[in-house]
Amino acid sequence: MSMYVIRRIFSMLITLFIISTIIFLMFRLMPGDPTASMVDPSIPPEAREQIIERLGLNDSYFVQYTKFMQNLVQFDFGDSFYYKTSALSVLRDKLGATVILMIAAMVLAYGIGVFGGAWMAWRRGSVGESIAITIALIFRSAPTFWVGIMAIYIFSVLLGWLPHSGMRSSGYEAENLFQTFFSLDFLKHLILPTVVAAIYFLATPLLMMRNTMLEVLGEDFIEMARAKGLTERRVLFNHAARNALLPVVTAGALFIGSAIGGQVLIEYVFSWPGLGREMVLAAQRHDYPLAQASFIIMAALIMIMNLVADLLYAYLDPRISYK
Amino acid sequence: MALLTVKNLNIEYTTEDGVLQAVSDINFELKEGERIGLVGESGCGKTTLAKSLMRLLPENGEIVHGEIIFKGENLVDKTTEEIRKLRWKDISMVAQSSMNALNPVYRVGDQIVEAIQAHTEATKREAIERSEELFRMVGLERKRLQSYPHQMSGGMKQRAIIAMALALEPALIIADEPTTALDVIMQDRILNQIIQLQKEVNNSMVFITHDISVVSETCNTILVMYGGKVEEQASTRDFFKNPHHPYTLGLQNAFPSITDIGEELISIPGTPPNLLDPQPGCRFQDRCPFATDVCKKVTPDLSEVSEGHLVACHYTDKVDEFRIKAKENSTWQFVQDRLAMEGY
Ligand SMILES: Nc1ncnc2c1ncn2[C@@H]1O[C@H](COP(=O)(O)OP(=O)(O)O)[C@@H](O)[C@H]1O
Ligand SMILES: [Mg+2]
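Residues numbered from 1 in each chain as written. Chains lettered and ligands numbered in written order. Predicted model: local features only at pLDDT ≥ 70, side-chain atom pairs only at ≥ 80, totals over all residues. Heavy atoms only, no water.

Engineer: Hey, could you run me through the overall build of chain A in this one?
Structural biologist: If you tally the helices and strands in chain A, you get 12 helices and zero strands. Reading the helices (α) and strands (β) of chain A from amino to carboxyl end gives α-α-α-α-α-α-α-α-α-α-α-α. Relative to its 323 residues, chain A shows a buried fraction of 48%. The long-range fraction of contacts in chain A, counting pairs at least 24 apart against all pairs at least 6 apart in sequence, stands at 72%. Accessible area of chain A: about 16500 Å², with a carbon and sulfur share of 68%. (Helix = DSSP H or I, 4+ residues; strand = E, 2+ residues; numbered from the N terminus. Buried < 20%, exposed > 50% of the residue type's maximum accessible area, 1.4 Å probe, protein only. Contact = heavy atoms within 4.5 Å. Areas by Shrake-Rupley, 256 points an atom, 1.4 Å probe, with all protein chains shown as cover.)

As structure tokens, this is what we get:
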């Protein structure tokens, strides 16, 4: 198992290396002034020239590339134009905010999806199941942007129950890191984006769980579990749902990558100070070092979550042994 | 009093194409310690009958008529919860497709412990000890309790399931083709083991097979099923020495029996009848070499030819002639030709 993890991390590093190379090329081979992507175009020409010289942007691409990679392995992504500090220090906090929102939404979506899907399979053909399917499909097709704005309109503007944006109220200063993420104020801010993100995530685990559950319920070991005189609940949860979970976890691993798109949108709508929103803002502000860094960190995040999902899968299914 | 009495049992499946009469008017009795064999080709309703004894029919299957009296109580009338308590504790099963009968994500030992704890107050420790004892009985190493199903061979899995079936010492064990998924050598071993264990435990048994050579060693009484009906019911001795029904005769040709080694195997041409819309008359008429117009119109009832020996055929008096003819290839070739002519 540990050999497998090491191998996976190694291949992750290679993938990251390739991604970084592509990003390096992307930002330099784009049409227009390539230096514009490296040096803030808004500063005076002489100063600009100086910086270009200092950053080595007049060097050949090969020299630049070597330097870019050298910096990268030291986790040096360059300085953000906008924040005037290192891109990494800007993104560190954002990464935490993104991970928390994403995990909260995933847990909510998968929690409801897995139990709801199992319930739907159990009550197949009932009115309740049809309603659940309809709702899931509406959720799946509703544009996240719209759902987010509606949620803000109803719960913040009309009812005034929950804050409409950001991660904490203005003026609020956390005394320590724990308070940053576990204060009541923070949790209140977390609710709306989590629910909207979960709505976006929900359809996949819910419908998938329902379908695999229906398949599993036809298996011989389910009949055996019934023959053993187990309670219907035990048959359903310990035997059927436990097995139906496996493909749902696999799908979840694949889903994480595509979920990032929704995550970016949600962070943007709720002004959630996360990686996704920062990525959009950085691109808008032509803050290329920051954009590059957030791309690479996002890619690493997806790969790590994928690995975690794979390991979870191996833990859940004894037939899988990673060597 | 009999342990199990099945009276006039009728089971139907609701399918997209209509109602399928899987089991029709079955009657039999099983005494304590007795073993009854259900034989017949695939699709004759053996599994359906077996499952109904545990009220384990799939959702589209229903007992439409009849009684299943087990230990004096009619199982057909019992509530789901009453049935749940009875399953495995009183009636256990070695299912037809037991290759997939174990849950792949749990250790085999835990699955046995689960069965024990579902019906007794046994502690985990006691249940594990019982499982170890059961594994010893079926000749599996104790450490196999820790295995997952995919780590075991087909024969081991089958033994584990037999061990599980014995766990609560049920009065009745149903074995539905317990060896069909195994290779020939393993089939023999498992079969001997089942016979051995049955003698030790002395439980009653319903033993299902499509291979009649198997029942000769295992059962006291044999029920020949065809198209959801019992065509012949006899003691094992009568079944082999004094068979009456043309279907029984045909079956005996199709399998090598212990007594007639070296004889040519002749299988019965055609396939079991369509139970969605059964034709009137005898269910076996299309494939019977001796069928007459009467067989097409009148359904023969089971009638006694000797004590405890029942046959559903209009021509039980011609049995001597049938037996001689049934041994001849040409008799069955005739059926083959007739079926071909009728466009089967
Ligand atoms: N779940 C089901 N739904 C519809 N028809 C079924 C179902 N199970 C079995 N049958 C039909 O019932 C008949 C008897 O099947 P079965 O009891 O499995 O026979 P056997 O065990 O003797 O092979 C067959 O015609 C089969 O096609
Ligand atoms: Mg069967």
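Next comes the rest of the write-up.
Engineer: In this structure, what is going on with the layout of surface pockets? I would like to understand it.
Structural biologist: Over the atoms, a rolled probe matching the size of one water molecule traces out where space is still vacant. Considering only enclosed or pocket space, the largest pocket measures out at about 1100 Å³ in volume. In this structure, the largest pocket is lined by 34 residues; those nearest its centre are R226(A), L56(B), L57(B), P58(B) and E59(B). Elements supplying a minimum of two residues to the lining of the largest pocket: helix 8 (184–217) and helix 9 (220–227) of chain A together with helix 1 (46–53), strand 4 (61–70) and helix 2 (80–86) of chain B. Counting residues per element, the lining of the largest pocket draws most heavily on helix 2 of chain B, at four residues. Of the residues in the lining of the largest pocket, the class split is 13 nonpolar, seven polar and 14 charged. (1 Å grid on protein atoms, 1.4 Å probe; cavity = no way out; pocket = protein on both sides within 12 Å on 5 of 7 lines; lining within 4 Å. Points joined across faces, edges and corners; volume = space filled by probe spheres on them. Nonpolar A, V, L, I, M, F, W, Y, C, P; charged D, E, K, R; others polar.)

Engineer: Looking at this structure, I do not really get the interface of chain A and chain B. What am I missing?
Structural biologist: For an interface, size is often stated in terms of accessible area lost upon the parts coming together. With 20 residues of chain A at the contact, the number on the chain B side is 25 residues. For the pairing of chain A and chain B, the buried interface totals around 2100 Å² over both sides, and the portion due to carbon and sulfur atoms is 58%. Its salt-bridge partner being E114(B), residue K228(A) comes within 3.0 Å of it at the nearest N-O pair. Our count for the chain A to chain B interface comes out at 13 residue pairs in polar contact (both at pLDDT 80 or more). (Buried area = accessible area lost by both parts, 1.4 Å probe. Salt bridge = Lys/Arg side-chain N within 4 Å of Asp/Glu carboxyl O. Polar contact = N/O pair within 3.5 Å; in protein donor to acceptor, adjacent residues only side chain to side chain.)

Engineer: How should I be thinking about the pairing of strand 7 (residues 172–176) of chain B in this particular structure?
Structural biologist: In the case of a regular strand, side chains alternate between the two sheet surfaces. Residue and element names in this part refer to chain B. Strand 7 sits mainly inside the fold: five of its five residues count as buried. Side chains L172, I174 and D176 project from strand 7 onto one buried face, and the interleaved I173 and A175 project onto a second face that is buried too. Relative to strand 7, strand 6 (residues 91–94) is paired through four bridges, and the arrangement is parallel. Bridge pairing links M93 to I174 in strand 7. Where strand 7 and strand 8 (residues 204–209) come together, five bridges link them in parallel fashion. Opposite A175, over in strand 8, you have F207 as the bridge partner. Tracing the backbone out of strand 7, into helix 6 (residues 184–201) and back to the parallel element strand 8 gives a crossover that is right-handed. (Pairing = 2+ DSSP bridges. Right-handed = clockwise from strand over helix to strand, strands pointing away.)

Engineer: I tried to follow the sheet that holds strand 6 of chain B on my own but got confused; where do I start?
Structural biologist: The strands that make up a sheet are held in pairs by hydrogen bonds between backbone atoms, and each pair lies either parallel or antiparallel. Residue and element names in this part refer to chain B. In space, the eight strands of this open sheet follow the order 6-7-8-3-9-10-12-11, with mixed pairing throughout. Each edge of the open sheet carries a strand with a single partner, namely strand 6 and strand 11 (303–306). For this sheet the average axis-to-axis angle between neighbouring strands, irrespective of direction, equals 25°. Pairing analysis gives two bridges linking strand 10 (residues 229–235) to strand 12 (residues 309–311), with the strands arranged antiparallel. By the bridge assignment for strand 12, Q233 is matched with L310. (Axes fitted to C-alpha atoms, helices over the stretch in contact; angles between N-to-C directions.)

Engineer: Where do I start with the sheet that holds strand 5 (residues 73–74) of chain B in this structure?
Structural biologist: Residues and elements named next belong to chain B. Taken in spatial order, the four strands of this open sheet run 2-1-4-5, and their pairing is antiparallel. With one partner strand each, in any of the chains shown, strand 2 (18–30) and strand 5 form the two edges of the open sheet. With nine bridges joining them, strand 1 (residues 4–15) and strand 2 adopt antiparallel strand pairing. Directly across from V6, in strand 2, lies its bridge partner F28. Most of the contacts of helix 1 go to strand 1, to which it runs at about 115°, and overall it touches strand 1, strand 2 and strand 4.

Engineer: When you look at the site of ligand 1 in this model, what are you seeing that I'm missing?
Structural biologist: Residue and element names in this part refer to chain B. Taken together, the neighbourhood of ligand 1 is formed by 14 residues, with G43, K46, T47, T48 and N60 sitting nearest. In this structure, an oxygen atom belonging to ligand 1 sits 3.1 Å away from a main-chain N or O atom of G45. Between ligand 1 and N60, the relevant distance is 2.9 Å, taken from a nitrogen atom to a side-chain nitrogen or oxygen of the residue. Protein chains shield 71% of the accessible area of ligand 1, which is 560 Å² for the free molecule. The biggest single contributor to the shell around ligand 1 is helix 1, with three residues. Its residues assigned to classes, the shell around ligand 1 comprises five nonpolar, seven polar and two charged. (Near = heavy atom within 4 Å.)

Engineer: How do you make sense of empty space enclosed by the protein when you look at a structure like this?
Structural biologist: All names here are of chain B. In total, this model carries three cavities of 30 Å³ or more according to the counting rule given. In this model, the largest cavity occupies a volume close to 90 Å³. Taken together, V94, I162, A165, L166, I173, A175, I194, L197, Q198, N203 and M205 form the lining of the largest cavity. Those elements giving two or more residues to the lining of the largest cavity turn out to be helix 5 (154–166), strand 7 and helix 6. Looking at the lining of the largest cavity, its residues break down into nine nonpolar, two polar and no charged. Approximately 80 Å³ is the volume attributed to the second largest cavity. Split by residue class, the lining of the second largest cavity holds nine nonpolar, three polar and no charged.

Engineer: Whenever I open this one, the packing of helix 1 (residues 2–29) of chain A against helix 12 (residues 288–316) of chain A confuses me. Can you help?
Structural biologist: A pair of packed helices is captured by two measures, namely the crossing angle of their axes and the spacing between those axes. Residue and element names in this part refer to chain A. It is the contact of helix 1 with helix 12, at a shortest axis distance of 10 Å, that shows an interaxial angle of 155°. Comparing their axes, helix 12 and helix 1 come out roughly antiparallel. For the pair helix 1 and helix 12, the crossing hand works out as right-handed. Here the contact of helix 1 with helix 12 is composed, by residue class, of 18 nonpolar, four polar and three charged. (Parallel < 35°, antiparallel > 145°, perpendicular 65-115°, else oblique. Left-handed = near helix turned anticlockwise from the far one by under 90°.)

Engineer: Help me understand the environment of Q158(B), please; the structure alone is not making it clear to me.
Structural biologist: With respect to the element layout, Q158(B) can be found in helix 5. Distance from Q158(B) to A101(B), taken between C-alpha atoms, is 9.1 Å for residues 57 residues apart in sequence.

Engineer: I'm lost on a nonpolar patch on the surface in this one. Help?
Structural biologist: Residues and elements named next belong to chain A. Judged by side-chain polarity, F10, I14, F17, I18, I22, M26 and F295 come together as a nonpolar surface patch covering roughly 670 Å² of accessible area. Top contributing element to the nonpolar patch by residue count: helix 1, with six residues. Relative to the elements of secondary structure, F17 occurs in helix 1. (Patch = residues over 30% accessible without salt bridge, like charges linked within 9 Å, V, L, I, M, F, W, Y side chains within 5 Å.)

Engineer: I'm lost on the packing of helix 5 (residues 127–141) of chain A against helix 8 of chain A in this one. Help?
Structural biologist: All names here are of chain A. Where helix 5 meets helix 8, the closest approach of the two axes is 8 Å, and the angle between their N-to-C directions is 140°. One way to sum up the angle between helix 5 and helix 8 is to call them oblique. Crossing of helix 5 over helix 8 shows left-handed handedness. Where helix 5 approaches helix 8, its residues E129, A132, I133, A136, L137, F139 and R140 are matched on the opposing element by I199, L202, A203, T204, L206, L207 and R210.

By themselves these figures say nothing about function.
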